[in-house]
Amino acid sequence: MRSRVIHLFQIMGHVISTGLELDSTSSPRLNERLASAVRRTVELANSQDISPREKLHVRAVELYSQGNFPKACDMWENILVDHPTDMLALKFAHNAYFYMGAQTLIRDSVARVLPHWKPHMPLSRYLNGMYAFGLMETRFYDQAEKVALEGLALTPDDAWAVHVVAHIYEMKAELDKGLVFIEGKEKDWKVSNILASHNYWHWALYFIEKGQYEAALQIYDAEVFRRGKASGAMLDIVDSCSLLCRLEMEGVCVKERWQELLQITQTHTDDHVTLFNDLHFLMASLGAKESGTTQRLLEGLQELAREPGDNQQHQLAGPLGIPICQAMVEYDQGNYNQAVDLLYPLRYRVVGVGGSDAQRDLFNQLLIHAAMKSENKHHQKLGRCLLVERDAMRPNSPLTHRLMQKALALHI
């Protein structure tokens, strides 16, 4: 019995450590140490008499390492049917759904197990933030805010729940409310490792919306980029790319910052773990005018798209990832007509690159800017239509109103 317990801890220890590294979007295709850790986990499991639950965990990690996110989620969901309080399965599935842009599944995966979690159980208080995130991504904003705030009343330092509320205020363009909230909670979430940087990213988004670019740049320099440079964490890096790209679309000069950021992103050019990451690395190489890195990223993605195997992200590269990359390149080269023609047909499929609505909004903005700058009269009209649509969904957005005024000035 004692021997079995030791082997169980050994195997599950491998599952946890390897799974967490994969969850950070490290590349087992390039990282032999990580690939070896996955193989070792599988070999250990095959050599021991372990339970069906443990076998499912091992299989999920193996599938995750192969980029087969949907099948890995199936394994975790199978665990949760019989073991609904398995936080490891729940959290890994939550994050994998996020990488796939599977918004409804993010919500429903947590909803299915909520009744089984009781207040006395360890980690139970963190389910509010997880469930609220799914509600927010499926645009049940009022319910999401209620659930997240209930969670924060129990666990004030739950940075995930704070981040959900920050999302809601940004999506509803309730900017002053958002600023008061996120600043008032800063002491609770700023020590929370990776999510602290992401919450600072949300803070900077409020300032960009308000047109307060210097304040956004101060947050970028002091928090988001600084933390990303120190941690090397992928979320920190893509947040840095996103902020600079948004600021540049607003007409802010960030050329030197792109050069600094490229030093970090360039080492991940060949990763190709998620399309979301690839698109953000491309922003950096385009911003820094590093054409060699841009070409290498595109050629690598095209090669993987030709033989994607079971890798879900590589399967999407051909119909989704590469055309978005090409649209970004065309925009950077001033070919706005081509950028619109590439991006507009994909606007309702961009969700497939993963991330949140707030993160993907960058591509909505890119399409609008391309349409406004296009010489094609139809594109110009399309840009104005997209702005009307945006204003209907996010009333009182200063950014939308600025773009409307710009469209009028350009096309009079």
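Residues numbered from 1 in each chain as written. Predicted model: local features only at pLDDT ≥ 70, side-chain atom pairs only at ≥ 80, totals over all residues. Heavy atoms only, no water.

Description of the overall build of the protein
Alright, step 1. Scanning the protein from N- to C-terminus turns up 22 helices and 0 strands.
Alright, step 2. Taking 22 Å as the expected radius of gyration for a compact globule of 412 residues, we find that the protein reaches 22 Å, a close match to that expectation.
Alright, step 3. Oriented by its inertia axes, the alpha-carbon framework of the protein measures out at about 80 × 50 × 35 Å.
Alright, step 4. Taken across its 412 residues, the protein has 57% of its residues classed as buried.
Alright, step 5. Partitioning the contacts of the protein with sequence separation of at least 6, the portion at a separation of at least 24 is 67%.
Alright, step 6. In the structure as shown, the protein presents an accessible area of about 17,900 Å², 54% of it carried by carbon and sulfur atoms. (Helix = DSSP H or I, 4+ residues; strand = E, 2+ residues; numbered from the N terminus. Rg over C-alpha atoms; globule rule 2.2 N^0.38 Å. Buried < 20%, exposed > 50% of the residue type's maximum accessible area, 1.4 Å probe, protein only. Contact = heavy atoms within 4.5 Å. Areas by Shrake-Rupley, 256 points an atom, 1.4 Å probe, with all protein chains shown as cover.)

What to know about the environment of His-83
Alright, step 1. For His-83, the position within the fold is in the loop between helix H4 (69-82) and helix H5 (87-100).
Alright, step 2. Classification of His-83 by relative accessible area gives partly exposed; the value is 30%.
Alright, step 3. Residues His-83 and Pro-52, spaced 31 residues apart in sequence, show a C-alpha to C-alpha distance of 11 Å.

So, the packing of helix H13 (residues 213-231) against helix H14 (residues 234-249)
Alright, step 1. As a packed pair, H13 and H14 sit with axes 9 Å apart at the nearest point and diverge in direction by 155 degrees. Compared by their axis directions, H13 and H14 come out roughly antiparallel. The two elements H13 and H14 cross, and the hand of that crossing is left-handed. Residues Tyr-213, Ala-216, Leu-217, Tyr-220, Val-224, Phe-225, Arg-227, Gly-228 and Ser-231 of H13 lie in contact with H14, whose contacting residues are Asp-236, Asp-239, Ser-240, Leu-243, Leu-244 and Leu-247. (Axes fitted to C-alpha atoms, helices over the stretch in contact; angles between N-to-C directions. Parallel < 35°, antiparallel > 145°, perpendicular 65-115°, else oblique. Left-handed = near helix turned anticlockwise from the far one by under 90°.)

Structural notes on the side chain of Thr-293
Alright, step 1. Secondary-structure assignment places Thr-293 in helix H17 (residues 291-306).
Alright, step 2. The residues touching Thr-293, leaving out its near neighbours within four places in the chain, are Gln-266, Thr-269 and Ser-285.

Side note on the packing of helix H9 (residues 159-171) against helix H12 (residues 194-210)
Alright, step 1. Following both chains from N to C, one finds H9 and H12 inclined at 15 degrees, their axes separated by 10 Å at the closest point. In terms of orientation, H9 lies roughly parallel with respect to H12. Both H9 and H12 take part in a crossing whose hand is left-handed. On the side of H9, the interface is formed by Ala-159, Trp-160, Val-162, His-163, Val-165, Ala-166, His-167, Tyr-169 and Glu-170, while H12 contributes Leu-195, His-198, Asn-199, His-202, Leu-205, Tyr-206 and Glu-209.
Alright, step 2. Considered class by class, the residues forming the contact of H9 with H12 number 9 nonpolar, 5 polar and 2 charged. (Nonpolar A, V, L, I, M, F, W, Y, C, P; charged D, E, K, R; others polar.)

Section: the pattern of salt bridges
Alright, step 1. Within the structure shown, the criterion is met by 25 salt bridges.
Alright, step 2. Of the charged contacts in the structure, one is a salt bridge between Asp-221 and Arg-257, with a shortest N-O distance of 2.8 Å. Taken together, the residues span a long stretch of sequence, with Asp-221 in helix H13 and Arg-257 in helix H15 (residues 255-265) at a distance of 36 residues.
Alright, step 3. Owing to a relative accessible area of 34%, Asp-221 belongs among the partly exposed residues under this scheme. (Salt bridge = Lys/Arg side-chain N within 4 Å of Asp/Glu carboxyl O.)

Read these as layout, nothing more, since geometry by itself doesn't imply function.
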